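Coordinate analysis (summary)
The chain contents come next:
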Amino acid sequence: MEASDLRIALFSGNYNYTRDGCNQALNRLAGYLLRQGAALRVYAPVVEEPDFEPTGDLVDVPNMRMPVPGRGEYRLTLGLDAKARADLAAFHPTTVHLSAPDPTGHAALAWARERELPVLASVHTRFETYPRYYRLGFMEPVIEGLLRRFYRRCDALVAPSPSQIAELRAQGMHEDISLWSRGVDRSVFDPARRDGEWRRKLGLADDDVAIVFLGRLVMEKGLDVFVDTIKRLRATGVPHRVLVIGDGPSKGWFRAELGESAIFAGFQTGEKLGRALASGDVFFNPSVTETFGNVTLEAMASGLPVVAAGATGAASLVENGVTGRLVPSGTAEDFAGALAPYCTDAALRAAHGAAGERASRAYDWDAINQAVLDVYLRLHAARGR
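Let me sum up the structure you'll find in this document. (Residues numbered from 1 in each chain as written. Predicted model: local features only at pLDDT ≥ 70, side-chain atom pairs only at ≥ 80, totals over all residues. Heavy atoms only, no water.)

**What to know about the environment of alanine 359**
Within the secondary structure, alanine 359 is located in helix α12 (residues 346–360). Distance from alanine 359 to leucine 317, taken between C-alpha atoms, is 8.5 Å for residues 42 residues apart in sequence. (Helix = DSSP H or I, 4+ residues; strand = E, 2+ residues; numbered from the N terminus.)

Here it is, written out as structure tokens:
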């Protein structure tokens, strides 16, 4: 079998109506598969005003607003209705790709199993860690068990970093797990996009050291740890400013906790995002929920040293002491200690930022997406199809 023989049914809970690292990766994969001659059909919620146009044909599935405080901009899929099932049957997929263990993902998995179709699941986030940010940490073992049951029924998994693959295997999620990394758009993210005038318009002096947060402003991105870390830096007199790039339901809380000295640049995309990121000085990512950390790679490509939690994702990107600092403990005290030298040593910032930019050049999207195509073909070969 070749790529042109494949007919792929891709299921996503969030394909294009909200822009995040997961759905941008899925859209890039879809574009690559279509260029290789594969047929593709995407089953996901359809909304009136999505953040961007979808790549490929999109079929609506039943859904509702996410019934979780602060997550109303996301949708929860509700399975497969008669219309979606009829479309699936007419499409005659050879392969099913599941990107979320949501109700539609479960329904699609059952549908594929009944027809003995190979099923690949891609892992995009550490769902089991989410409850701790909503004071429901006792639910983590339960969620981990549900995820294990879902993933073990698939033929194989792909995950975006070696550290995440190791974590999935340690949790007993699956044995057949391949690497589907992430790439970076170097036409957008480049140190040359740094813009001193843009900084000054925001209120940043030329000699200010801007610690950057980039991402959706939701608690599971580690906003509480970010705030506590900044407060420790202030208490010890370390000179710095805070530059927040992004928006989200926790913006009000985040702004109030960081105070008036923090600069909120808002949601940015494309070249404006590249300019904003390159105009910072140090990137700080305290989140432990990412399986890869697209924003970390984008910061490296923009020439910023990175201070990040030593968790899945960043641990496979950041070379400790070379391109930034990894903080395994994840505590505000240790994060502050890792950030402080970058706030006072321009030569250190420049050296680690340049090393990160060089390391980011290894992440080419086409080579990365070919790895997923190779898994599709391997699963078919194993079934003798």
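Here the narrative resumes, following the displayed structure.
**A few points about the packing of aromatic side chains**
Following the criterion strictly, the structure yields eight aromatic pairs and no others. Grouping aromatic residues by their ring pairs yields a cluster made of Phe213, Phe226, Phe254, Phe264, Phe284 and Phe335. Of note, arginine 7 hangs over the ring of phenylalanine 91, and the distance from its end group to the ring centre comes to 4.5 Å. When the ring centre of phenylalanine 264 is taken as origin, the NZ or CZ atom of arginine 255, which lies over that ring, is 4.4 Å away. (Phe/Tyr/Trp six-rings, centres within 6.5 Å; stacked < 30°, edge-to-face > 60°. Lys NZ or Arg CZ within 6 Å of the ring centre and 35° of its normal.)

**What about the packing of helix α1 (residues 21–35) against helix α13 (residues 365–383)?**
It is at 10 Å that the axes of α1 and α13 come closest, and there the two elements cross at 75°. Viewed along their axes, α1 and α13 adopt a mutual orientation that is roughly perpendicular. From α1, Ala25, Arg28, Leu29, Tyr32, Leu33 and Arg35 reach across to α13, where they touch Trp365, Asp366, Asn369, Gln370, Val372, Leu373 and Tyr376. (Axes fitted to C-alpha atoms, helices over the stretch in contact; angles between N-to-C directions. Parallel < 35°, antiparallel > 145°, perpendicular 65-115°, else oblique. Contact = heavy atoms within 4.5 Å.)

**A few points about the sheet that holds strand β15 (residues 324–327)**
The six strands lie next to each other as β12-β11-β10-β13-β14-β15, forming an open sheet whose pairing is parallel. The two strands at the open ends of the sheet, each matched to only one other strand, are β12 (263–266) and β15. Averaged over all pairs of adjacent strands, the angle between their axes in this sheet comes to 20°, without regard to strand direction. Taken together, the four bridges between strand β14 (residues 306–309) and β15 define a ladder with parallel strand orientation. Bridge assignment links valine 307 to a residue of β15, and that residue is arginine 325. (Pairing = 2+ DSSP bridges.)

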